[in-house]
Every structure is written in C-alpha cells, then in structure tokens.
Amino acid sequence: MTIGKNAFANCTKLKKVTVNGNKLKTIGKNAFYKCGSYNNAIFTLTLEGTTAPTMGEDVFTDSGKKGCYVAVKDLNTVIA
C-alpha cells in the first residue's frame, strides 16, 4: 500500500491519520503537505505496524502550525 505523492496535500483541516497493519510500504513526496495548518493545529500520523515505511521528500512540509508528530505503536517501527 502506498500513500501517494501529494495524497493529502493542502488538507488544512486534517489533523490526524492512523495507518493499521504492515501493508504501508511508502509515503510519497509532499503526501501531508500543509495538513493541520488550519487553526494552529498539531498534525499526527500514527503508524500501528511493525515495519516503518519509506518516506519521500518533504512529506510533512508546513504541516501542523504547532507541530507535527509521528506516533508508533511498536518501538521496532522506529528502530527499523
């Protein structure tokens, strides 16, 4: 599974995305560009699998006026 290039770009009110399982292989360039930029939000991407996806350039550029976080369910996701 892939989250493609610019998939959620300019979704300024999108504040949280949770991806289940180990099927996510890649997140494309600018996939979450400017997400959560409306009303000083914090943008959070939660990965619930154990395999970290490959990420393109600038995946989170200008996302979350107060911050942008990648949360994981399994520490091995970060170590991978």
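Our structure is the block above this text.
Residues numbered from 1 in each chain as written. Predicted model: local features only at pLDDT ≥ 70, side-chain atom pairs only at ≥ 80, totals over all residues. Heavy atoms only, no water.

(A) Representation of the sheet that holds strand E6 (residues 67-72) in the model. In spatial order, the strands read E2-E4-E6; together these three strands make up an open sheet with parallel pairing. Whereas interior strands pair on both sides, the edge strands pair on one side only; in this sheet they are strand E2 (16-19) and E6. Pairwise comparison of adjacent strand axes, ignoring direction, gives a mean angle of 10 degrees for this sheet. Alignment of strand E4 (residues 42-47) against E6, held across six bridges, turns out to be parallel. By the bridge assignment for E6, phenylalanine 43 is matched with cysteine 68. (Pairing = 2+ DSSP bridges. Helix = DSSP H or I, 4+ residues; strand = E, 2+ residues; numbered from the N terminus. Axes fitted to C-alpha atoms, helices over the stretch in contact; angles between N-to-C directions.)

(B) Quick look at the pairing of E4. When you tally the buried positions in E4, you get five out of six residues, the bulk of the element. In terms of strand pairing, E2 meets E4 through four bridges, oriented parallel. Directly across from valine 17, in E4, lies its bridge partner leucine 45. (Buried < 20%, exposed > 50% of the residue type's maximum accessible area, 1.4 Å probe, protein only.)

(C) Molecular detail of the nonpolar core. Formed by 13 residues in total, the largest nonpolar core has its most connected members in Ile3, Val19, Ile27, Phe32, Phe43 and Leu45. When residues of this core are traced back to their parent elements, those giving at least two are E2 and E4. A total of three residues in this core trace back to one element, the largest contributor, which is E4. (Core = buried A, V, L, I, M, F, W, Y, C linked by side-chain atoms within 4.5 Å.)

(D) Geometry of the environment of aspartate 62. Of note, aspartate 62 is situated in the loop between strand E5 (54-55) and E6. The spacing of aspartate 62 and threonine 12 is 50 residues in sequence and 9.9 Å in space, taken between C-alpha atoms. For aspartate 62, the contacting residues outside a window of four places in its chain are Tyr33, Lys34, Cys35 and Ser37. (Contact = heavy atoms within 4.5 Å.)

(E) Expanded view of unusual backbone geometry. In this model, asparagine 6 sits at a positive phi of 60 degrees, which is unusual for a non-glycine residue. Within the element layout of this structure, asparagine 6 appears in the loop between strand E1 (2-3) and E2. By relative accessible area, asparagine 6 is classed as partly exposed at 36%. In the Ramachandran plot, aspartate 62 falls in the positive-phi region, its phi being about 60 degrees despite a non-glycine side chain. The class of aspartate 62 is partly exposed, set by a relative accessible area of 47%.

Purely geometric stuff here, so don't read any function into it on its own.
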